[in-house]
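Structural description and commentary
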Amino acid sequence: MRALTVDHTAPGHLALTEVPAPRPATHEALVQIEAVSLNFGEVHGATHPETPNGTVLGWDAAGVVVQAAADGSGPAVGDKVVTLGADAGWAELRAVPAALLGTAPKDADAGALSTLPVAGLSALHVLRRMGSLLGRRVMITGASGGVGRFAVQLAARAGAEVVAISRNPAQAEGLRALGAHEVHPEPAAVTEPVAYVLDNVGGQHLIDAFAVVSAGGALFSVGRSSEADAVLTPDALIGTDSRHDRSIRTFFLLGDPATDFSADLTWLAGELAAGRLDPGISRRTPWADHAEAVQALLDRRLHGKAVLDIQ
Ligand SMILES: NC(=O)c1ccc[n+]([C@@H]2O[C@H](COP(=O)([O-])OP(=O)(O)OC[C@H]3O[C@@H](n4cnc5c(N)ncnc54)[C@H](OP(=O)(O)O)[C@@H]3O)[C@@H](O)[C@H]2O)c1
């Protein structure tokens, strides 16, 4: 089969090559991949000199089951599915356990489905950790990105007053259309307290966002798109007023290998297919033309998801 493999001599450190097809374990279905979406972390991972040539990366992929799991778990042959994994998604075939796979309506667009696993699940799981959002102010930093767009939509649907942060003024209208009540260029521009923050950016964004978290609230550190460190002074950490019991929590989607994502992936796929969730695709090309999309992602020129069609 063909796969997009690490090749440190190729543009974007990736090249289409022939590799052996995966041999599914008894609890894994074999999926014919139709589309994949790219995440900064894995694309950046391909550029690391220590990632060996020939590695098949890829977290997000969607397609059709061509062989059901031998133990009877998971979907049947012909089912449209969206899949998550720690690697091996950028290939014509992927072996996936039932816990990392959601089923989708047959006519759902595989490209749109492929945006869901890392970005959609991260947004959903962080917002769930916040508890009830009805009437609560929730700040989303890096709101124009993959995680941010899903977080804005899901938080708005959960009844939150959504405060979106994007440095790019051209993103404001689109973020309001997704459900943001306010859009600011940076957290320091927000004066009214927020109950929770989903922070995709880190650095000064994290420091300034934490400064407006109200008593008992929390900041969830999801990403560090700024690649900057956040050093909190005692005043910033403890606060100079009476806002206490505030916390900063880390998050890692694949932190617990026992997590079963199937129900959430199936729900997200259904919402997307019904038009109630916008996948936010900002670039879509055949996978043979991956280099430009990869470079745009590495240069942080993308707002939303990049999708590659497997052709
Ligand atoms: N912990 C986990 O399990 C987990 C899961 C998923 C993602 N992540 C991480 O979470 C972060 C967001 O992921 P994503 O897929 O949404 O990334 P993305 O699509 O690249 O979006 C990141 C957004 O952050 C903003 N941004 C980028 N550089 C910035 C800078 N220097 N200063 C301020 N804002 C900046 C940009 O928005 P504007 O240009 O509009 O400001 C951009 O749209 C990434 O760091 C990713 O690696 C972690």
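Residues numbered from 1 in each chain as written. Predicted model: local features only at pLDDT ≥ 70, side-chain atom pairs only at ≥ 80, totals over all residues. Heavy atoms only, no water.

Looking at an unreviewed UniProt entry, one finds the protein named Zinc-binding dehydrogenase, with Streptomyces axinellae as its source organism.

**As for the sheet that holds strand β12 (residues 213-221)**
Judged by pairing direction, the sheet is parallel, and its 6 strands sit side by side in the order β10-β9-β8-β11-β12-β13 without closing on themselves. Looking at the sheet topology across the chains shown, the edges are occupied by β10 (182-184) and β13 (247-250). Each neighbouring strand pair of the sheet contributes to a mean axis angle of 20°, computed without reference to strand direction. Where strand β8 (residues 137-140) lies against strand β11 (residues 194-199), 3 bridges are found, and the strand directions are parallel. Bridge pairing in β11 links Met139 to Val197. Across the sheet, helix α3 (residues 116-130) touches β8, β11, β12 and β13, and the angle it forms with β11 is around 155°. In this fold helix α6 (residues 203-210) packs onto β8, β9 (161-165), β11, β12 and β13, with an angle of close to 160° to the strand it touches most, β12. (Pairing = 2+ DSSP bridges. Helix = DSSP H or I, 4+ residues; strand = E, 2+ residues; numbered from the N terminus. Axes fitted to C-alpha atoms, helices over the stretch in contact; angles between N-to-C directions. Contact = heavy atoms within 4.5 Å.)

**A few points about the layout of surface pockets**
Estimates place the volume of the largest pocket at around 1200 Å³. What lines the largest pocket is a set of 38 residues, and nearest its centre among them are Phe40, Val147, Asn200, Ser225 and Arg300. Of all the secondary-structure elements, those providing two or more residues to the lining of the largest pocket are α1 (40-47), α3 and α4 (146-157). Each residue belonging to the lining of the largest pocket can be placed in one class, and the counts come to 16 nonpolar, 18 polar and 4 charged. In terms of domain composition, the lining of the largest pocket takes at least three residues from each of domain 1 (2-115 + 279-309) and domain 2 (119-250). The volume enclosed by the second largest pocket comes to roughly 260 Å³. Taken together, 16 residues make up the lining of the second largest pocket; nearest its centre are Gly85, Asp87, Ala88, Arg94 and Ala95. For the lining of the second largest pocket, the element with the most residues is strand β6 (residues 93-97), which contributes 5 residues. Across the lining of the second largest pocket, the residue classes tally to 12 nonpolar, 1 polar and 3 charged. (1 Å grid on protein atoms, 1.4 Å probe; cavity = no way out; pocket = protein on both sides within 12 Å on 5 of 7 lines; lining within 4 Å. Points joined across faces, edges and corners; volume = space filled by probe spheres on them. Nonpolar A, V, L, I, M, F, W, Y, C, P; charged D, E, K, R; others polar. Domains from an automatic or database assignment.)

**Observations regarding the UniProt feature "domain: Enoyl reductase (ER)" (unreviewed entry) in the protein**
Mapped onto this numbering, the UniProt entry annotates "domain: Enoyl reductase (ER)" (unreviewed entry) at residues 9-308. Helix and strand shares over residues 9-308 are 27% and 26% respectively, and the end C-alpha atoms of the span are 21 Å apart. (UniProt positions renumbered as here; feature names shortened; annotations may be inferred.)

**A look at the environment of Ser247**
By the element assignment, Ser247 lies in strand β13. For Ser247, a relative accessible area of 29% gives the class partly exposed. In the structure, Ser247 is positioned 27 residues away from Phe220 in sequence and 8.4 Å away in space, judged by C-alpha atoms. Ignoring any residue separated from it by four or fewer positions in sequence, one finds Ser247 in contact with Phe210, Gly217, Ala218 and Leu219. (Buried < 20%, exposed > 50% of the residue type's maximum accessible area, 1.4 Å probe, protein only.)

**Focus on unusual backbone geometry**
In terms of backbone geometry, most residues other than glycine have negative phi values and most peptide bonds are trans. Positive phi is not limited to glycine here, since His13 has a value of about 65°. Assignment of secondary structure puts His13 in the loop between β1 (2-6) and β2 (14-18). The exposure class of His13 is partly exposed, given its relative accessible area of 23%. Despite not being glycine, Arg300 has its phi angle at roughly 60°, a positive value.

**Section: the packing of α3 against helix α8 (residues 262-273)**
Put simply, α3 and α8 touch, their axes get as near as 10 Å, and they point 105° apart. Judged on the interaxial angle alone, α8 and α3 are roughly perpendicular. In this structure, α3 contributes Leu116, Pro117, Gly120, Leu121, Leu124, His125 and Arg128 to the contact, and α8 contributes Asp264, Leu265, Trp267, Leu268, Ala269 and Leu272. Here the contact of α3 with α8 is built from residues that sort into 9 nonpolar, 2 polar and 2 charged. (Parallel < 35°, antiparallel > 145°, perpendicular 65-115°, else oblique.)

**Some points on the site of the ligand**
Close to the ligand lie 22 residues; Ser144, Val147, Ser166, Arg167 and Leu253 are nearest. A distance of 3.3 Å is found between an oxygen atom of the ligand and a side-chain nitrogen or oxygen belonging to Ser225. Residue Phe251 places a main-chain N or O atom 2.9 Å away from a nitrogen atom belonging to the ligand. A molecule is said to occupy a pocket when more than half its atoms come within 2 Å of that pocket's grid points, and by this definition the ligand occupies the largest pocket. Those elements that place two or more of their residues in the shell around the ligand are α3 and α4. (Near = heavy atom within 4 Å. Polar contact = N/O pair within 3.5 Å; in protein donor to acceptor, adjacent residues only side chain to side chain. Sits in = over half its atoms within 2 Å of the grid points.)

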